[in-house]
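# Descriptive structure summary
Take a look at the letters that make up each chain.
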There are 2 protein chains.
Amino acid sequence: MRGMDYRGSGVDIGEGQRAVDLMKDAVRRTFNPRVLSDLGQFGGLFSAVFTDMEEPVLAASTDGVGTKLKVASMTGRYGTVGQDLVNHCVNDILVQGAVPLFFMDYIACGKLSAVTVAEIVTGLAAACEQNGCSLLGGETAEMPGFYSPGDYDVAGTIVGVVERSRIIDGSAIVPGDAIIGLPSSGLHTNGYSLARNVLFQTSGMSPDEVHPLLEGETLGDALLRIHRSYLAPLKPLLAEGLIKGLAHITGGGIRGNLSRILPPGCGALIDCGWEVPGIFRLIQELGNVDRREMREAFNMGAGMLIVVDSGDSENVGRQLASGGEKPFRAGIVTSGHGVLFTDGPD
Amino acid sequence: MRGMDYRGSGVDIGEGQRAVDLMKDAVRRTFNPRVLSDLGQFGGLFSAVFTDMEEPVLAASTDGVGTKLKVASMTGRYGTVGQDLVNHCVNDILVQGAVPLFFMDYIACGKLSAVTVAEIVTGLAAACEQNGCSLLGGETAEMPGFYSPGDYDVAGTIVGVVERSRIIDGSAIVPGDAIIGLPSSGLHTNGYSLARNVLFQTSGMSPDEVHPLLEGETLGDALLRIHRSYLAPLKPLLAEGLIKGLAHITGGGIRGNLSRILPPGCGALIDCGWEVPGIFRLIQELGNVDRREMREAFNMGAGMLIVVDSGDSENVGRQLASGGEKPFRAGIVTSGHGVLFTDGPD
């Protein structure tokens, strides 16, 4: 499962083994009785007997961390990018109604540091544990000449499961449905090329700088805030069958992602009443980025949109709030097509 | 499923969409009735109802192509690396007795070329089709500043299934068992950093050069030979229950990989009688690489080792040969521990 291939010149097998030694306890903590393999085998084995389901369907999604990794590299802090990745993937299958089973990671670098790889994998394992997901396997590839010193690419695949009759695909959405938003924790994992360009290249800021819009946080801390998982607040609502559609707001923003779940004949009007967090306003101001581009690159503070029957809206909002969430009214489903914003054309 | 995230500056959404348009027919050809999703959704959906199995177990493996990608980059030929990756992953779960269900890919580059990405994915899809595996989803990440122009990293995760009572883990192996080898098609996906160092840096060869040891093939062709899948020849033997252990010879070579499946109290004596293909001899000669290092970095012509009861050896060899394979006697399981070679200590 966790492979550490000897790939000829420039590859240090001992360092790879040290990384495995440093990470193995954290990885094993994510195992449950479904995991039938241990570290070091060719593949990971996971029981697929789902006695409580009539027609289990696997949901799988692959993603990377993107250039948020450059912020990790700049600051030398790799402990959180693994959590970003797992949570991102958890959300990507959650929007179909699926809960996570296991995760497989891929880490690639030019020159392997056992401490850094262990830091990344420990982050992956921590998020897996929080989401009830096993870190079943992975690959760490040392590819001399492919990556700059200190750079690591981190990607992974999640596999989850959903009862076929419970798959959420947005097809039940009708005009008049309510759209509820859940706050993001920050940029999550999208828009980092633009953000870095504006903040570091154009404006010359440094990661340890503070700014009034960041309310005491350093820029590095604000940019490395962990992409949050929406599994805990949404799982009970999924079980109750209250959710008609979920849009995880990643690249493409609200318009790009909400459009993916609206059935033909449905559009959306987004009510721009929530407060956009300071980090987005900072990027917009310093880069003089227009509103449309901001909305396509960033989540603007809305990390997950939930579509529910308008009659369920209050109940759902109350349930979310009682679990400690801060849900906000994000808009309504309209007839027609396209996603419009209340603060004007863009 | 196939995500094409907008990641801010330097990212061309149109080019990403062109890549999807170019690849989509090849990807859809890998779909079967188990696939319940289409391109463009958040996650891929795959039916997990296995009515013909008592206790289905998922087998998952993640791998990359490694620095074989540098040869693809040098020659501008990206059509085969996707096949390398899928076949490698198919073999990695095959050694546990599992057959493939679906594959998820991850492609990362600095500046996306639609044609190159489509070439890679079309190769992935072709190998998926050949192995009866659906290319269920993937992620193409454009990360400016992370990769050199023309470089693409390609990794992926396979998920397969095996009946729990049919999992092969080598525990049934006893001293006296026969080890049968199946030829590799070339370097497969291991040892490329060493090979490139010797052939290109030290010896100054070019990819279009020929050499007597390559028997008319150019060096580029020899290095890009596709990592073969052993699913077709081994599937019938697995069904018959004739196989006690399988070792896919990747990084670490015969010793490293065979050791992973030998139970306590068992070693192996490898009978070095087969002819080592020219490409390995060329690397060894030009680089003056010692035998031990060659054996750790390369498969030396043996891509898969099969452990069977000595009484089944002839039957298994005959079945493999009747299917067009060229099996060879690779050695025997010994009592004790460690993997030794008949041509001397190392």
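This part takes up the side chain of Asp153(B). Topologically, Asp153(B) is positioned in strand β5 (residues 152–163). What makes Asp153(B) buried here is its relative accessible area of 0%. Within the local environment of Asp153(B), its side chain forms a polar contact with the side chain of Tyr106(A), the two groups lying 2.8 Å apart. If sequence neighbours within four positions are ignored, Asp153(B) has contacts with Tyr106(A), Ala108(A), Met143(A), Phe146(A), Tyr147(A), Leu69(B), Tyr106(B), Ile107(B), Ala108(B) and Tyr147(B).

Another point: the packing of helix α2 (residues 68–75) of chain A against helix α5 (residues 192–202) of chain A. Residue and element names in this part refer to chain A. Between α2 and α5, whose axes approach to 8 Å, the crossing angle comes to 45°. On the basis of the axis angle, α2 is oblique to α5. Two secondary-structure elements touch here, α2 through Lys68, Lys70, Val71 and Met74 and α5 through Tyr192, Arg196 and Phe200.

A few words on the pairing of strand β11 (residues 338–341) of chain A. Residues and elements named next belong to chain A. Residues Val339 and Phe341 of β11 are buried on one face, while the alternating residues Gly338 and Leu340, pointing to the opposite face, are not. Across 4 bridges, strand β8 (residues 266–270) lies against β11 in parallel orientation. Within the sheet, the bridge partner assigned to Ile270 lies in β11 and is Phe341.

Another aspect to go through is helix α4 (residues 114–130) of chain B. Residues and elements named next belong to chain B. In this model α4 runs 24 Å from its N-terminal to its C-terminal C-alpha over 17 residues, within 8% of the 24 Å that 1.5 Å per residue would give. Inspection of α4 places Ala114, Thr116, Val117, Ala118, Ile120, Val121, Gly123, Leu124, Ala125, Ala127 and Cys128 among the buried residues, and these make up the whole buried set. Looking one or two residues beyond α4, the residue adopting positive phi is Gly132, at roughly 65°.

All names here are of chain B. It is at 9 Å that the axes of helix α7 (residues 231–240) and helix α11 (residues 313–322) come closest, and there the two elements cross at 145°. Of the two possible hands of crossing, α7 and α11 adopt the one that is right-handed. Touching Pro233, Leu234, Leu237 and Glu240 of α7 are Val316, Gln319 and Leu320, all from α11. For the contact of α7 with α11, the per-class residue count stands at 5 nonpolar, 1 polar and 1 charged.

Many structure descriptions define interface size as the accessible area lost when the parts assemble. Residue and element names in this part refer to chain A. Entries for chain A in the domain assignment read domain 1 (12–43 + 51–166) and domain 2 (178–341). Relative placement of domain 1 and domain 2: their C-alpha centres are 24 Å apart. Taken together, the contacts link 24 residues of domain 1 with 30 residues of domain 2. Remark: the boundary between domain 1 and domain 2 carries 1 salt bridge. Of the charged contacts in the structure, one is a salt bridge between Arg77 and Asp221, with a shortest N-O distance of 2.9 Å. Of all elements in the fold, only α2, α3 (81–94) and β3 (99–109) reach the threshold of two or more residues within the side of domain 1 that touches domain 2. Sorting elements by how many residues they give to the side of domain 1 that touches domain 2 places α3 first, with 8 residues.

As a further point, take the sheet that holds β8(A). All names here are of chain A. Taken in spatial order, the 6 strands line up as β7-β9-β6-β10-β8-β11 in an open sheet, and their pairing is mixed. Looking at which strands have only one partner, the edges of the open sheet turn out to be β7 (245–248) and β11. When strand polarity is set aside, the average angle formed by the axes of neighbouring strands in this sheet is 25°. Pairing between β8 and strand β10 (residues 328–335): 5 bridges, direction antiparallel. Note that in β10 the partner of Cys266 across the bridge is Ser335. Packing against the sheet, helix α11 (residues 313–322) makes contact with β6 (178–183) and β9 (302–308), and its axis sits at approximately 10° to β6.

The next thing to look at is the pattern of salt bridges. Summed over the entire model, instances satisfying the criterion amount to 36 salt bridges over all chains. When the shortest N-O distance is used, the salt bridge between Asp21(A) and Lys24(A) registers 3.7 Å. Residue Asp21(A) and its partner Lys24(A) are located together in helix α1 (residues 13–28), separated by 3 residues, close to a single helical turn. As a salt-bridge pair, Glu275(B) and Arg281(B) come within 3.6 Å of each other at their nearest N and O atoms. A single salt-bridge network, built from bridges that share partners, covers Arg291(A), Arg295(A) and Asp343(A).

On to the sheet that holds strand β8 (residues 266–270) of chain B, then. Residues and elements named next belong to chain B. Across the sheet, which stays open at both edges, the 6 strands sit in the order β7-β9-β6-β10-β8-β11 with mixed pairing between neighbours. At either margin of the open sheet sits one strand with a lone partner, and together these are β7 (245–248) and β11 (338–341). With direction set aside, neighbouring strand axes in the sheet form an average angle of 25°. Along the sheet face, helix α3 (residues 81–94) touches β7 and β9 (302–308) and points at about 155° away from the line of β7.

Each side of the interface is counted separately: chain B has 75 residues, and chain A has 75 residues. Between chain B and chain A, the buried area comes to about 6,000 Å², and carbon and sulfur atoms account for 59% of it. In this assembly, chain B and chain A are joined by 0 salt bridges. Inspection of the region where chain B meets chain A yields 16 residue pairs in polar contact (both at pLDDT 80 or more). For the side of chain B that touches chain A, the class distribution of residues is 35 nonpolar, 26 polar and 14 charged. Here strand β1 (residues 44–47) of chain A runs beside strand β2 (residues 56–64) of chain B; their pairing, made up of 4 bridges, is antiparallel. Bridge pairing in β2(B) links Ser47(A) to Val57(B).

Rules and cut-offs
- Residues numbered from 1 in each chain as written.
- Chains lettered and ligands numbered in written order.
- Predicted model: local features only at pLDDT ≥ 70, side-chain atom pairs only at ≥ 80, totals over all residues.
- Heavy atoms only, no water.
- Helix = DSSP H or I, 4+ residues; strand = E, 2+ residues; numbered from the N terminus.
- Buried < 20%, exposed > 50% of the residue type's maximum accessible area, 1.4 Å probe, protein only.
- Polar contact = N/O pair within 3.5 Å; in protein donor to acceptor, adjacent residues only side chain to side chain.
- Contact = heavy atoms within 4.5 Å.
- Axes fitted to C-alpha atoms, helices over the stretch in contact; angles between N-to-C directions.
- Parallel < 35°, antiparallel > 145°, perpendicular 65-115°, else oblique.
- Pairing = 2+ DSSP bridges.
- Expected span 1.5 Å × (residues − 1).
- Left-handed = near helix turned anticlockwise from the far one by under 90°.
- Nonpolar A, V, L, I, M, F, W, Y, C, P; charged D, E, K, R; others polar.
- Domains from an automatic or database assignment.
- Salt bridge = Lys/Arg side-chain N within 4 Å of Asp/Glu carboxyl O.
- Buried area = accessible area lost by both parts, 1.4 Å probe.

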